[in-house]
Amino acid sequence: MSVEKNTRKLDKGIVRDFSSRMSYASYLQLPTLLSAQQPVSQPEHHDELLFIIQHQTTELWLKLVLHELRSAAAWLREDDLGSALKGIARVKHIQKTLTEQWSVLATLTPTEYSQFRGFLGNSSGFQSAQYRAVEFVLGNKNRKMLPVFESDPEAHAMLEELLAAPSIYDEFLAYLSRQGFDVPPAVLDRDVTRAHEFTPELVPLFKHIYENAADNWAAYEACEELVDLEDNFQLWRFRHLRTVQRTIGMKTGTGGSSGVTFLQKALELTFFPELFAVRTEIGQ
């Protein structure tokens, strides 16, 4: 069916009356969503809308990342590795989107940002409860972060819950133990409220899995999915650092951190250190 005068005809069956039906806008709560961008600069600066949407969009993706990772941890507890890996695969795609988003914010020049940055007060991405929750689920636990969220009881309670819960790595190691792999008891009984630290005794376990991949394919594949997850997270951290450096240089962060210097230290944090350490041992 050809298009005449560069105008497409609407199909007869297309619904037009939504006076008593749920519409696209009502399902997605678009009036609420699209009214949530409230610039605070006076007079309102053109580029503040970009800054707000960038961060709100990130928070929406983080909500989904957290949803998928918490579900993946639950599936691991049920020995449903396939479903857990499906969730992790989805997270990996979200991570790529989040990393690419920095290129949009990088179009904000230092001059443009400086014209409304002062209106932000002490608000900072450092205070993102969802970002901190994702770090906790992945294993970068840090109790000292909690006081930042005391003024938000709901966020504080969520982080307290996740601080006390096993990370996805803890759940994976417990899964391996139930599958007959030799996971050290001290690892299985560790204090999960603390960040996982490099444990040399785990490296021989992963070396066995990697060097006998055909016989341990499910575990081998899961290890590589976790490596992808950490690689993607570190790329996100790096792009964050470079975007901040490009926009504000070495200024102090609005939330009181040292800015780029503080972000640089995050690149030294790791979620699954043994999965990277084993690479040195394979074939030796």
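Residues numbered from 1 in each chain as written. Predicted model: local features only at pLDDT ≥ 70, side-chain atom pairs only at ≥ 80, totals over all residues. Heavy atoms only, no water.

For the chain, the count of helices and strands is 13 helices and zero strands. Secondary structure of the chain in N-to-C order comes out as α-α-α-α-α-α-α-α-α-α-α-α-α. Seen through its principal axes, the chain has C-alpha atoms that stretch 65 × 55 × 40 Å. Here the chain holds 284 residues, and the buried ones make up 42% of them. Taking the contacts inside the chain whose residues are at least 6 apart along the sequence as the reference set, 73% of them involve residues at least 24 apart. When the accessible surface of the chain is split by element, carbon and sulfur atoms take 55% of a total near 16,500 Å². (Helix = DSSP H or I, 4+ residues; strand = E, 2+ residues; numbered from the N terminus. Buried < 20%, exposed > 50% of the residue type's maximum accessible area, 1.4 Å probe, protein only. Contact = heavy atoms within 4.5 Å. Areas by Shrake-Rupley, 256 points an atom, 1.4 Å probe, with all protein chains shown as cover.)

The next point concerns the packing of helix 4 (residues 81-105) against helix 11 (residues 217-248). For the pair helix 4 and helix 11, the least separation of the axes is 9 Å and the interaxial angle reads 15 degrees. With respect to helix 11, the element helix 4 is oriented roughly parallel. Classified by chirality, the crossing of helix 11 by helix 4 is left-handed. A class-by-class count of the residues in the contact of helix 4 with helix 11 yields 15 nonpolar, six polar and five charged. (Axes fitted to C-alpha atoms, helices over the stretch in contact; angles between N-to-C directions. Parallel < 35°, antiparallel > 145°, perpendicular 65-115°, else oblique. Left-handed = near helix turned anticlockwise from the far one by under 90°. Nonpolar A, V, L, I, M, F, W, Y, C, P; charged D, E, K, R; others polar.)

On inspection of all chains with the given rule, the structure shows 14 aromatic pairs. Taking the centre distance of 5.2 Å and the plane angle of 25 degrees together, the rings of Phe51 and Tyr113 count as stacked. Of the two residues, Phe51 is situated in helix 3 (residues 48-77) and Tyr113 in helix 5 (residues 110-117); the sequence distance between them amounts to 62 residues. Using a relative accessible area of 15% as the deciding quantity, one classes Phe51 as buried. Ring centres 6.5 Å apart and planes at 15 degrees place the aromatic pair Phe172 and Tyr175 in the stacked group. Of this pair, Phe172 and Tyr175 are both found in helix 8 (residues 168-178), three residues apart, which corresponds to roughly one turn of the helix. Neither Phe172 nor Tyr175 differs from the other in exposure class; each is buried. Here a set of aromatic residues connected by ring pairs shows up, and it is made of Trp102, Tyr131, Tyr169, Phe233, Trp236, Phe271 and Phe272. Over the ring of Phe126 we find Arg132, and its NZ or CZ is 4.9 Å from the ring centre. (Phe/Tyr/Trp six-rings, centres within 6.5 Å; stacked < 30°, edge-to-face > 60°. Lys NZ or Arg CZ within 6 Å of the ring centre and 35° of its normal.)

This next bit is on the UniProt feature "binding site: heme" (unreviewed entry) in the chain. The UniProt feature table records "binding site: heme" (unreviewed entry) at His240. Summarising the element assignment, His240 is placed in helix 11. (UniProt positions renumbered as here; feature names shortened; annotations may be inferred.)

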